[in-house]
Structures are given as C-alpha cells and as structure tokens.
Amino acid sequence: MSTTPSAQQQLPSINTTHPADQMATGTALSSLIARVCAARVLREHHIWEAVRILPEIAGLPDDIKQLPEFRRLMEKEAFTAALRLLAQSCQPAREIRDLDPHGDHWAATLSVRNALSQPRRRKLMRAEHRDPPAAVLIALLSSAIRKARPFVRRRRTNAAVQKEFGNE
C-alpha cells in the first residue's frame, strides 16, 4: 500500500524540540534536581541537561560543550571530573570541597566563592545520593538556586531624612 503525495502532506509535523526547552529556567532546574535525586545512578543525559540550564543561571560559559577537555571526560564517563570542570567554569566559581561516604550514601559539599573570595563568606551546598557523581550534580544545581527576596519599600521617617541631610 503506497501513500500518495496528498496523504503525505496531511501528516502532522514532528516537533523536534525537547519539552524542557519550553520550561522556565527555575522550573527546569527544579525538575532536573528531582530527577537526579530519584535516579539510581547519574546518567550522561543528566549532565548534558545541566549544561543546557546552567549558562543562564550559574554563569557557565555557553561554549563549555565544545571544550575538548569536557568532551573527553564525558566520553570516558568520568562524570565527577566533568562536573568538577563545570563547577570551576561557573561564575562565581564553585569548588567541590568534599565527597565522602556516609553509610550507603555519598555526601558532596560544594562551595561558591564570592567576589572577594573570602573563605568565611563562601556559600556551602551539601547533597547526598547513593551515586557519588549524582551527589556532586545535585550540589552544583542547588548552588544555582537563588533565594529571591521580595522587594519591600520602606518609608523613610522624617528623622532619617533629617539625619541624611545633616539637619538634625
């Protein structure tokens, strides 16, 4: 049975975009964290999705995908080393401080440097998972979550205005 050209024209077009491409960045980030947490082991596609999301929210360079060192690590399935490279490439840079076993889980601790690189001002992220690279990825993704503070307009008192202008 052959199809006629008119029948072929009636076929619906296939959408080649990934559903995650349509999500807001925060939603995609939360979704990826949830999927990595639920996974038994980290898979390559989890890292590639992180590479797609992180440039917008963590300052990861867009061309990291083309970096020969990153591609070589991914081909060797050296996921922890590839994630270390991603963490160091973010702005501000992140550093994997610890990756320690705790019972049947691994705990990854990641620090985010601030602009002044003061050790006591670093933000620490900690994540646990059965798979060491998964724990590292969860910590890296969690470091990109920004706690949004609502803008609160405060009224300045007369005393504050007088003090500002030196008219006490």
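Below is a short write-up of the structure.

## Description of the sheet that holds strand 2 (residues 105–112)
Stage number 1. In space, the 3 strands of this open sheet follow the order 1-2-3, with antiparallel pairing throughout. Because the sheet does not close on itself, it has two edges, and the strands there are strand 1 (94–102) and strand 3 (123–129). Along the sheet, successive strands turn relative to each other by an average axial angle of 20°, direction set aside.
Stage number 2. Alignment of strand 1 against strand 2, held across 8 bridges, turns out to be antiparallel. Bridge pairing in strand 2 links Leu99 to Ala108.
Stage number 3. Sitting on the sheet, helix 5 (residues 79–89) is in contact with strand 1 and strand 2, with an inclination near 145° to strand 1.

## Side note on the pairing of strand 2
Stage number 1. Burial analysis of strand 2 places 6 of its 8 residues in the buried class, the great majority of the element.
Stage number 2. Relative to strand 3, strand 2 is paired through 7 bridges, and the arrangement is antiparallel. Residue pairing for strand 3: Ala108 is matched across the bridge by Ala127.

## As for the nonpolar core
Stage number 1. In this structure, Ile47, Leu54 and Leu86 are the most contacted members of the largest nonpolar core, which totals 40 residues.
Stage number 2. The set of elements that each furnish at least two residues to this core consists of helix 2 (25–38), helix 3 (44–58), helix 4 (68–75), helix 5, strand 2, strand 3 and helix 6 (132–143).
Stage number 3. It is helix 6 that provides the largest number of residues to this core, a total of 8 residues.
Stage number 4. If near-sequence neighbours (up to four positions away) are discounted, Leu54 is found in contact with Gly59, Leu60, Leu140, Leu141 and Ala144.

## Quick word on helix 4
Stage number 1. What helix 4 keeps buried is the set Phe70, Leu73 and Met74. The buried residues of helix 4 occupy an angular sector of 100° when projected down its axis, which confines them to one face. Exposed residues lying more than 90 degrees from the buried face of helix 4 are Pro68 and Glu75.
Stage number 2. At its buried positions, helix 4 is contacted by helix 3 and helix 5.

## Topic: the packing of helix 2 against helix 3
Stage number 1. It is the contact of helix 2 with helix 3, at a shortest axis distance of 10 Å, that shows an interaxial angle of 150°. Here helix 3 runs roughly antiparallel to helix 2, going by the angle between their axes. Crossing angle aside, the handedness with which helix 2 passes helix 3 is left-handed. Contact residues: Thr25, Ala28, Leu29, Leu32, Arg35 and Val36 in helix 2; His46, Glu49, Ala50, Arg52, Ile53, Glu56 and Ile57 in helix 3.
Stage number 2. Here the contact of helix 2 with helix 3 is built from residues that sort into 7 nonpolar, 2 polar and 4 charged.

## Quick notes on the environment of Ser89
Stage number 1. Of note, Ser89 is situated in helix 5.
Stage number 2. For Ser89 and Leu60, which are 29 residues apart along the polypeptide, the C-alpha to C-alpha distance reads 5.9 Å.
Stage number 3. Excluding its chain neighbours within four sequence positions, the residues that come into contact with Ser89 are Gly59, Leu60, Pro61 and Ile64.

## Describing the packing of aromatic side chains
Stage number 1. This model, assessed by the stated rule, comprises 1 aromatic pair.
Stage number 2. Considering the side-chain rings of Trp48 and Phe70, the 5.4 Å spacing of their centres and the 80° angle between planes classify their relative orientation as edge-to-face. Note that Trp48 is positioned in helix 3 and Phe70 in helix 4, a separation of 22 residues in sequence.
Stage number 3. Overall, Phe70 belongs to the buried group, its relative accessible area being 0%.

Procedures and definitions
- Residues numbered from 1 in each chain as written.
- Predicted model: local features only at pLDDT ≥ 70, side-chain atom pairs only at ≥ 80, totals over all residues.
- Heavy atoms only, no water.
- Pairing = 2+ DSSP bridges.
- Helix = DSSP H or I, 4+ residues; strand = E, 2+ residues; numbered from the N terminus.
- Axes fitted to C-alpha atoms, helices over the stretch in contact; angles between N-to-C directions.
- Contact = heavy atoms within 4.5 Å.
- Buried < 20%, exposed > 50% of the residue type's maximum accessible area, 1.4 Å probe, protein only.
- Core = buried A, V, L, I, M, F, W, Y, C linked by side-chain atoms within 4.5 Å.
- Arc of directions from axis to C-beta.
- Parallel < 35°, antiparallel > 145°, perpendicular 65-115°, else oblique.
- Left-handed = near helix turned anticlockwise from the far one by under 90°.
- Nonpolar A, V, L, I, M, F, W, Y, C, P; charged D, E, K, R; others polar.
- Phe/Tyr/Trp six-rings, centres within 6.5 Å; stacked < 30°, edge-to-face > 60°.

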